[in-house]
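Examination of the molecular architecture
Residues per chain, in single letters:
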Amino acid sequence: MDRLVHGIAAEGTVRLIAAVTTDTLAEAIRRHNTSPTASAALGRMLTGTALMGASLKDFDRLTLRIDSDGPVGGIIAEANNKGGVRGYVRNPEAELPPRSDGKFDVSGIVGQGMFHVIRESGFELGLHREPYIGSVPITSGEIAEDLAFYLAKSEQIPSAVLLGVLLQKDEPFVTASGGVLIQMMPGANDHIVTMIEDTVLHAPHITSVIKEGATPEDLLRLVLGIIDFEVLGENTVAFECTCSSEKAVSMVSALGKAEVAAMLEEDKGAVMTCGFCNETYQLNEDDLAAILSAD
């Protein structure tokens, strides 16, 4: 089971979040049948969304969205406040050759465009608040750097973001997936900041230690070195979609009775596929007739 931990260091002036998301990404790949490079991009996006969601207090749904001109066409990931994440790439078959260093060319498959963050709240209280939307240009397409750039520019929080995905050709395809978010809060000591930057620069890649069984706590030790930290809490992380047969019926109903009547007459039913999880819902003639007879 995937886990996420959040904590603090340096007397509360450094906020820390780390997660291992190997099983979460494996489920996303199973559902969307993404190519290797698209899988790497989706995995980074899912982990980054889970990390950022854990840094927020007042939200019900957090969406990170990339709109870009690269082969993947864009990526969307959502997280709720309980550790559930879901997401997809617009072109799951998009692929590029590896870079010269052998790593996935995530930057190439993403391309240029915009990085958006949408934060919504009030659902659980039955409120309909306007969502908060922040946007910045894509700076690298590597996703971790783009998320850090967003946090620095739109949230004014200097941050370091590490995201990694390691895949293999045979099942289980996902060998390791996870990430770390380090945020410098007001009052952070410059010496501590320099120490963390140096440790991160010389640390092994996070996927190499996750592959060997590292926990989120181990990831924090890896990036902090000799700096002590305190874990304040933890969550499970899992691929979790909010779609349902009831919502599928509601979506078809929203098309209007004329459209539903046409479906009934011409197709004898309807098929709805959730973009986030690829689950398919079939409505038969009785289902459509029930929609037409409802007040």
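In short, a report on the structure. (Residues numbered from 1 in each chain as written. Predicted model: local features only at pLDDT ≥ 70, side-chain atom pairs only at ≥ 80, totals over all residues. Heavy atoms only, no water.)

**Considerations on the sheet that holds strand S4 (residues 75-80)**
Pairing is mixed across the open sheet formed by ten strands, whose spatial order is S7-S6-S3-S4-S5-S10-S1-S2-S9-S8. This sheet does not close on itself; its edge strands, each paired only once, are strand S7 (132-137) and strand S8 (159-167). Neighbour-to-neighbour, the strand axes of the sheet open up by a mean angle of 15°, direction not taken into account. (Pairing = 2+ DSSP bridges. Helix = DSSP H or I, 4+ residues; strand = E, 2+ residues; numbered from the N terminus. Axes fitted to C-alpha atoms, helices over the stretch in contact; angles between N-to-C directions.)

**Concerning the packing of aromatic side chains**
Under the definition given, this model contains two aromatic pairs. Ring centres of tyrosine 88 and phenylalanine 276 lie 5.2 Å apart, and the angle between their planes is 85°; this geometry places the pair in the edge-to-face category. With tyrosine 88 in strand S5 (residues 84-89) and phenylalanine 276 in the loop between strand S11 (270-273) and strand S12 (280-283), this residue pair connects regions lying 188 residues apart in the sequence. Of the residues examined, phenylalanine 276 reaches a relative accessible area of 14% and is grouped as buried. For the pair phenylalanine 115 and tyrosine 150, a centre-to-centre distance of 6.3 Å together with 45° between the ring planes defines the contact as tilted. Here phenylalanine 115, found in strand S6 (residues 113-120), pairs with tyrosine 150, found in helix H4 (residues 144-154); they are 35 residues apart in sequence, far enough to count as distant. In this pair, the class of phenylalanine 115 matches that of tyrosine 150, namely buried. In this structure, arginine 86 is placed above the aromatic ring of phenylalanine 276, and the distance from its NZ or CZ to the ring centre is 3.8 Å. (Phe/Tyr/Trp six-rings, centres within 6.5 Å; stacked < 30°, edge-to-face > 60°. Buried < 20%, exposed > 50% of the residue type's maximum accessible area, 1.4 Å probe, protein only. Lys NZ or Arg CZ within 6 Å of the ring centre and 35° of its normal.)

**Things to note about the layout of surface pockets**
There is about 670 Å³ of room inside the largest pocket. Among the secondary structure elements, those contributing two or more residues to the lining of the largest pocket are helix H2 (36-54), H4, S8, helix H5 (190-202), helix H6 (206-211) and helix H7 (216-224). Of all the elements, S8 adds the most residues to the lining of the largest pocket, at seven residues. Each residue belonging to the lining of the largest pocket can be placed in one class, and the counts come to 21 nonpolar, six polar and six charged. Roughly 380 Å³ of volume is contained in the second largest pocket. Forming the walls of the second largest pocket are 18 residues, and the residues nearest its centre are Ile29, Gln168, Pro172, Phe173 and Val174. Counting only elements with at least two residues in the lining of the second largest pocket, the list comes to helix H1 (22-32) and H2. When residues of the lining of the second largest pocket are assigned to their parent elements, the largest contribution, five residues, is made by H1. Looking at the lining of the second largest pocket, its residues break down into eight nonpolar, six polar and four charged. (1 Å grid on protein atoms, 1.4 Å probe; cavity = no way out; pocket = protein on both sides within 12 Å on 5 of 7 lines; lining within 4 Å. Points joined across faces, edges and corners; volume = space filled by probe spheres on them. Nonpolar A, V, L, I, M, F, W, Y, C, P; charged D, E, K, R; others polar.)

**Digging into unusual backbone geometry**
Here the amide bond leading from glutamate 171 into proline 172 is cis, since omega sits at -5°, within 30 degrees of zero. One non-glycine residue, glutamine 156, lies in the positive phi region at around 55°. Structurally, the position occupied by glutamine 156 is in the loop between H4 and S8. We note that lysine 268 has phi near 60°; this positive angle belongs to a residue other than glycine. As for its placement among the helices and strands, lysine 268 is situated in the loop between helix H9 (257-266) and S11. On the basis of relative accessible area, lysine 268 is assigned to the partly exposed category, the value being 46%.

**Section: the pairing of strand S2 (residues 14-20)**
On a regular strand, each side chain points to the face opposite its neighbour's, so the side chains alternate between the two faces of the sheet. Burial analysis of S2 places six of its seven residues in the buried class, which makes it a mostly covered element. Taken together, strand S1 (residues 2-9) and the strand that follows it, S2, pair antiparallel across an intervening segment of four residues, in which alanine 10 is found at a positive phi of about 55°. The pairing of S2 with strand S9 (residues 174-184) spans seven bridges and is classified as antiparallel. Residue pairing for S9: leucine 16 is matched across the bridge by isoleucine 182.

**Focus: H4**
Every buried residue belonging to H4 is among Ala144, Asp146, Leu147, Ala148, Tyr150 and Leu151, and all of these are buried. Check the buried side of H4 and you find it contacts H2, strand S3 (61-68), S6, S7, S8 and S9. Just downstream of H4, glutamine 156 is the residue with a positive phi angle, here 55°. (Contact = heavy atoms within 4.5 Å.)

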